[in-house]
Amino acid sequence: MFKLAALASLLALVPYVSAQSQLYGQCGGMGWTGPTTCVSGSSCVVSNPYYSQCLPGAAAPPSSSSSSSVSHSSSSSSASGTATSSAPGTTTTPTAGNPFANCNVYLSPYYANEINAAVAQISDATTAAKAAKVASIPTFIWLDSVSKIPSLDTYMADAESMGGCQLVQIVIYDLPNRDCHAKASNGEFTIANNGVANYENYIDQIVAIIKKYPTVKVVAVIEPDSLANLVTNLSDPNCANAQTAYLTCVNYALKQLSSVNVISYMDAGHAGWLGWASNLGPAAQLFAQVYKNAGSPPQVRGLATDVSNYNALTTNSPDPITQGDACYDEMLYIQALAPLLQQQGFPASFIVDQSRSGVQNIRTAWGDWCNVKGAGFGPRPSTNTGSSLIDSIVWVKPGGECDGTSNSSSARYDSSCSQSDALQPAPEAGTWFQTYFVDLVTNANPPL
Ligand code: BGC
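Residues numbered from 1 in each chain as written. Predicted model: local features only at pLDDT ≥ 70, side-chain atom pairs only at ≥ 80, totals over all residues. Heavy atoms only, no water.

- As annotated in an unreviewed UniProt entry, the chain is Glucanase from Schizopora paradoxa.

Here it is in C-alpha cells:
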C-alpha cells in the first residue's frame, strides 16, 4: 500500500520534475533525454561529456573545492593526531562473487624485498622487529611501467605452485599522459608519441601472462586517479587533452582483462575528492558509463577507494579538514555513491585502501596527498569490512614507497611534496623512502 501511495505521489510530480532539474540533478550529457534547465537558484554546469549538473548559483567550474586535487598519495601524521578507527567490529557475510572470500592473498615478493632491505637498516631492535612483520601483510603489485611486467610471470607461476585458491593483486598504472593533474607520477607514455597503442601493448602483455595461469585469481585496481580527474579536473588542459585517450585505454583494459577473468575495480578517488555532494552524481554517471561501454562484464566488480590516500574507513570524529563534507570517511562516501551507481545499472562492490590510514588529523588540507607526515600503517586487509558493499579492506599502496620527490629541480617535482605537512627530503615517486617507512611502522594503528 505504502509503495503504491509513494508511486502515485511520484507520478504526480513527473510533469514538474521533467520541466526542470532539481539542485544537484542531471541536466545534460551524452544520451540524456531529461530536462536541460535547472530550478531557480541553480544553473546547469558541464561536468564531463556524460554529465551536466544543476549546481547552486551561477555556472561554476566543474571541480569542487580544495579537495578535488589528486589523491593517490597522501598520508597524515602527527603525534597529536587522534587515532583512526580500525576495521569495524561487525562481521559481514561476504557478498556473492567476492573474490577475496576464502582465498589466500599472495604476498608481493617485490615488497617483501623492499621490507627486508629496510629492516636491515633499522638499528633499534624493537622497531626492526615490528617492521619485519609488514612483509607478511599483502599489498598490491604496481605494474607502473612495461619493465615491471615480466615479474608478473614469476609471481603467477609462484602463486600457481602454492595450490589451492591464490589471489594475486595488481595495479594497472601506465596510461599515456598519466597523472594529468599533478606531476609526481607522470608516466612513460605520451599521447603525442603513440601512447594509446603503447598502452594497448602494455595491457596485451599483461593479459598474455595471466592467461597462462587460469587457476590463479587476479584482482586489479584500474588506473589510480584517472577517471576521478575526468570528473573534477577537466578545467586543467592536461586532463582535458587526456580525456579521450584515458577513456579509450580504460575501456581497452577493462575488456581485455575481463577476457582472462581478472576481477577489476576502477579507481574512484576518495571521500575528500568525489565524496562532495556536487561530485557524487557526475562520478556515478562516469563510472557507470565506462562500465557499460566495456559491455557491463561481471568481471568489472566495482570501485577502489582511498588508493594511496589516508582517510579512515569509519570515524566518529570527522577530521577538521573535511570541512563539513557529509561524506567525511570512506564508508560514508561508498554508501552515498553505491545507490547512484546502482540506479545507473552498475551494481558496484568496493575495496578500500587502508595501508596508511592508521593516524588521522595530520593533514593541513584534505587535498594533501604527498608523503604526509605522521602517517601510520592502518587497518589490516580483511573481508570483515562492516558493510556488504565492501568486499575487502586492502593495502594497495606499498607503504614506504614514496609519493613524489621534494627535489624542486626534478622533472616530476610537484609542489605538493614540499608543503609543510609533507615529509622531506623525499625521493622520486615509487622509490623507497626509508624515514617515511620507519614512521609508518612506529605510528601503526593497530600497532604492529
Ligand atoms: C608511483 C608508482 C608506484 C606507486 C606505488 C606511485 O605514486 O608513481 O611508481 O609504483 O606509487 O608506490
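Right, picking up where we left off after that structure.
Looking at the packing of aromatic side chains
And step 1. All told, the structure shown has eleven aromatic pairs when counted by the stated rule.
And step 2. Centre to centre, the rings of tyrosine 291 and phenylalanine 346 are 4.0 Å apart; their planes meet at 15°, and the pair counts as stacked. Residue tyrosine 291 is located in helix α9 (residues 277–293), and its partner phenylalanine 346 is located in the loop between α10 (330–343) and β10 (349–353); the two are separated by 55 residues in the primary sequence. One exposure class covers both tyrosine 291 and phenylalanine 346, and it is buried.
And step 3. On the basis of an interplanar angle of 50° and a centroid distance of 5.0 Å, the ring pair of tryptophan 432 and phenylalanine 437 is categorised as tilted.
And step 4. One aromatic cluster in this structure is built from Tyr111, Phe377, Trp395, Trp432 and Phe437.
And step 5. Here arginine 178 stacks its cationic end above the ring of tyrosine 173, 4.1 Å away from the centre of that ring. (Phe/Tyr/Trp six-rings, centres within 6.5 Å; stacked < 30°, edge-to-face > 60°. Helix = DSSP H or I, 4+ residues; strand = E, 2+ residues; numbered from the N terminus. Buried < 20%, exposed > 50% of the residue type's maximum accessible area, 1.4 Å probe, protein only. Lys NZ or Arg CZ within 6 Å of the ring centre and 35° of its normal.)

Side note on the confidence of the model for the chain
The predicted coordinates ought not to be read in detail in places where the model reports low pLDDT.
And step 1. Averaged over the chain, the pLDDT score is 88; the fraction of residues at 70 or greater is 86%.
And step 2. Low pLDDT (under 50) marks residues 1–17, which in the prediction has three contacts with non-local residues, meaning those over four places away or in another chain.
And step 3. The low-confidence segment residues 60–94, where pLDDT is below 50, has 143 contacts with residues more than four positions distant or belonging to other chains. (pLDDT = per-residue confidence, 0-100. Contact = heavy atoms within 4.5 Å.)

Section: helix α4 (residues 149–162)
And step 1. Between the first and last C-alpha of α4 there are 21 Å, a value that for 14 residues agrees with the 20 Å anticipated at 1.5 Å per step.
And step 2. Within α4, the full set of buried residues consists of Ile149, Leu152, Tyr155, Met156 and Ala159. Along the axis of α4, the buried positions cluster into a sector of 105°, meaning they face one direction only. Turned more than 90 degrees off the buried face of α4, the exposed positions are Pro150, Thr154 and Ser161.
And step 3. Backbone geometry just downstream of α4 places glycine 163 in the positive-phi region, at approximately 75°. (Expected span 1.5 Å × (residues − 1). Arc of directions from axis to C-beta.)

Quick notes on unusual backbone geometry
And step 1. A cis amide bond, omega -5°, links glutamine 424 with the succeeding residue proline 425.
And step 2. Summarising the element assignment, proline 425 is placed in the loop between β11 (390–394) and α11 (434–442).
And step 3. Geometrically, the link from asparagine 445 to proline 446 is a cis peptide bond, its omega value of 5° lying close to zero.
And step 4. You can see proline 446 is positioned in the segment after α11.
And step 5. The phi dihedral of asparagine 261 is positive, around 65°, even though this residue is not glycine.

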